[in-house]
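# Secondary and tertiary structure notes
This is what each chain is made of:
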Amino acid sequence: MTTDIRITLAVQKSGRLSEDSLRLLRECGFEFNGGLASSRLRASSSNFPLDLLFLRDDDIPRYLADGVVDVGIVGQNTLVESNGTASECVEVVEELGFARCRLAIAVPRGVEYKSLEDLRGKRIATSHPHILRAYLERLKIDAHIHEISGSVEIAPSLGLAEAICDLVSSGSTLVSNGLKEVERVFDSQAVLAANSSLNEGQRELLDKMLFRVRAVQRARNNKYVLLNAPNEALDRIISTLPGIKSPTVVPLAKAGWSSVHSVMNEDEFWEKIELLREAGAEGILIVPIEKMIV
Ligand code: PRT
Ligand code: ZN
């Protein structure tokens, strides 16, 4: 691989994706001369052939499709919404697990709502008309899509629409605007997306980036477990904690006892801790993992 091949990554300049995007890059070990102050528009890594461009999130799909940037971190909703312009030229290479939200339909709290049928012929205000249209067409509901670019939640109280379709995370914005969520249209999270016609050298760089991203993601989702157990409990404990290949078991100075070291998925954490305690485990330590390569 020649050394002048570089890869350009777009991240959101400032907004809900920015902090987690930069944190991921830092955890992947990419260093940037002069740091990553939010006032910058570009930055180059000092230890990887990687250039960053700071953009508005809505512009990232277009830049990716045009090949102005090679990869980008963007919300799935933004990527899918830009469909017509970007879909054939842009591929999602990894889901990143942050900026999770859903695109949902909501109606005023006082309105009785039974099913999507209730929206037939009604006006729905949204900043995601393509995703909403595809959803309504799939379910054969004919409604008027009223496209607005922001403050979607106030549309019903202004008499602009009978319903809205907007991004929701905690749901508190809906509540404070007197709305209730009635349909879940699309689940979203931040993704790493790439231009589909990268050259071979850039593919190699993308694979190296992905290797690091996956090691960081895996580490976040797993914990290192150390515990002590009487030897007769080991079979049960080992079957509860299979680890990456198999757990490490080392004898303790106290006769008849061993220490078991393994890795456990965050999602199974509480359930497994219960099982381990029932099996006779003691002195259980749970330690965060920084990077995990399997
Ligand atoms: O300036 P720029 O154009 O780059 O940013 P932006 O203002 O368009 O986007 P930004 O930073 O608000 O959001 C970027 C991305 O974050 C979105 O495209 C989503 O992928 C993701 N995301 C995750 C969200 C939310 N959660 C979210 N809650 N984007 C917006 N919201 C808004 C939503 O529109 C609503 O107004 O938050 C409000 C609802 O939040 P809750 O918690 O009250 O339900
Ligand atoms: Zn935006």
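Please refer to the structure placed before this passage.
The structure presented is a predicted model; accordingly, all values stated were derived computationally and were not measured. (Residues numbered from 1 in each chain as written. Chains lettered and ligands numbered in written order. Predicted model: local features only at pLDDT ≥ 70, side-chain atom pairs only at ≥ 80, totals over all residues. Heavy atoms only, no water.)

### Some words on the overall build of the protein chain
Regarding its fold elements, the protein chain presents 9 helices and 15 strands. A globule of 294 residues ought to have a C-alpha radius of gyration of about 19 Å, yet the protein chain, at 24 Å, is considerably larger. Viewed in the frame of its principal axes, the protein chain has a C-alpha envelope of about 75 × 55 × 35 Å. The buried share of the protein chain, taken over its 294 residues, is 46%. Counting contacts in the protein chain only where the partners sit at least 6 residues apart, residues at least 24 apart contribute 70% of the total. Accessible area of the protein chain: about 15500 Å², with a carbon and sulfur share of 49%. (Helix = DSSP H or I, 4+ residues; strand = E, 2+ residues; numbered from the N terminus. Rg over C-alpha atoms; globule rule 2.2 N^0.38 Å. Buried < 20%, exposed > 50% of the residue type's maximum accessible area, 1.4 Å probe, protein only. Contact = heavy atoms within 4.5 Å. Areas by Shrake-Rupley, 256 points an atom, 1.4 Å probe, with all protein chains shown as cover.)

### Here's the deal with the pattern of salt bridges
Counted according to the given criterion, the structure contains 16 salt bridges. Among the ionic pairs, Asp58 bridges to Arg56, the shortest N-O distance being 3.3 Å. Overall, Asp58 belongs to the partly exposed group, its relative accessible area being 44%. A relative accessible area of 60% means that Arg56 is categorised as exposed. The salt bridge involving Glu117 is made with Arg120; its shortest N-O contact spans 2.8 Å. Overall, Arg120 belongs to the partly exposed group, its relative accessible area being 39%. A single salt-bridge network, built from bridges that share partners, covers Asp20, Arg23, Glu27 and Arg220. (Salt bridge = Lys/Arg side-chain N within 4 Å of Asp/Glu carboxyl O.)

### What about the environment of Ile145?
Here Ile145 shows up in strand E8 (residues 144-147). When the C-alpha atoms of Ile145 and His130 are compared, they prove to be 9.5 Å apart, with 15 residues separating the residues in sequence. Apart from the residues within four sequence positions on either side, Ile145 is in contact with Ile124, Thr126, Pro129, Leu132, Arg133 and Leu136.

### Details of the packing of aromatic side chains
Under the definition given, this model contains 2 aromatic pairs. Residues Phe269 and Trp270 carry aromatic rings whose centres are separated by 4.7 Å and whose planes lie at 85 degrees to one another, so their mutual orientation is edge-to-face. Phe269 gets classed as buried once you look at its relative accessible area, which sits at 11%. (Phe/Tyr/Trp six-rings, centres within 6.5 Å; stacked < 30°, edge-to-face > 60°.)

### A few points about the environment of Leu174
With respect to the helices and strands, the residue Leu174 is situated in helix H6 (residues 172-176). Separated by 25 residues in sequence, Leu174 and Ser149 have C-alpha atoms that sit 17 Å apart. Setting aside its immediate chain neighbours within four residues, Leu174 contacts Ala106, Ile164, Val168, Leu179 and Glu181.

### Looking at the layout of surface pockets
The calculated volume of the largest pocket comes to roughly 1200 Å³. For the lining of the largest pocket, the secondary-structure elements that each account for two or more residues are helix H2 (60-66), helix H3 (76-81), helix H4 (83-86), helix H5 (129-138), strand E9 (163-168) and H6. Taken together, the residues of the lining of the largest pocket break down into 11 nonpolar, 21 polar and 12 charged. Lining the lining of the largest pocket are residues from two domains, each supplying at least three of them: domain 1 (7-99 + 189-219) and domain 2 (101-187). (1 Å grid on protein atoms, 1.4 Å probe; cavity = no way out; pocket = protein on both sides within 12 Å on 5 of 7 lines; lining within 4 Å. Points joined across faces, edges and corners; volume = space filled by probe spheres on them. Nonpolar A, V, L, I, M, F, W, Y, C, P; charged D, E, K, R; others polar. Domains from an automatic or database assignment.)

### Thoughts on the nonpolar core
Residues Leu9, Phe30, Leu50, Leu52, Ile73 and Leu96 are the most contacted members of the largest nonpolar core, which totals 32 residues. Breaking this core down by element, the ones donating at least two residues are strand E1 (7-12), helix H1 (18-27), strand E3 (50-55), strand E4 (71-75), strand E11 (190-195) and helix H7 (200-221). Examining the composition of this core, we find that 6 residues originate from one element, H7, more than from any other. With residues up to four places along the chain from it excluded, the contact list for Phe30 reads Leu25, Ser45, Asn47, Phe48, Leu50, Met209 and Arg212. (Core = buried A, V, L, I, M, F, W, Y, C linked by side-chain atoms within 4.5 Å.)

### Remarks on the sheet that holds strand E2 (residues 42-44)
The strands that make up a sheet pair up through hydrogen bonds in the backbone, lying either parallel or antiparallel. Taken together, 6 strands build an open sheet; the order of strands is E2-E3-E1-E4-E11-E5 and the sheet is mixed. In this open sheet, the two strands that pair with only one neighbour each are E2 and strand E5 (90-95). Here the strands of the sheet are splayed against their neighbours by 25 degrees on average, with no regard to which way each runs. Relative to E11, E4 is paired through 5 bridges, and the arrangement is antiparallel. In the sheet register, Gly72 faces E11, and the bridge partner there is Ala193. Sitting on the sheet, H1 touches E1, E3 and E4, and the angle it makes with E1 is about 145 degrees. H7 rests against E1, E3, E4, E5 and E11 of the sheet, and its axis sits at about 30 degrees to E5. (Pairing = 2+ DSSP bridges. Axes fitted to C-alpha atoms, helices over the stretch in contact; angles between N-to-C directions.)

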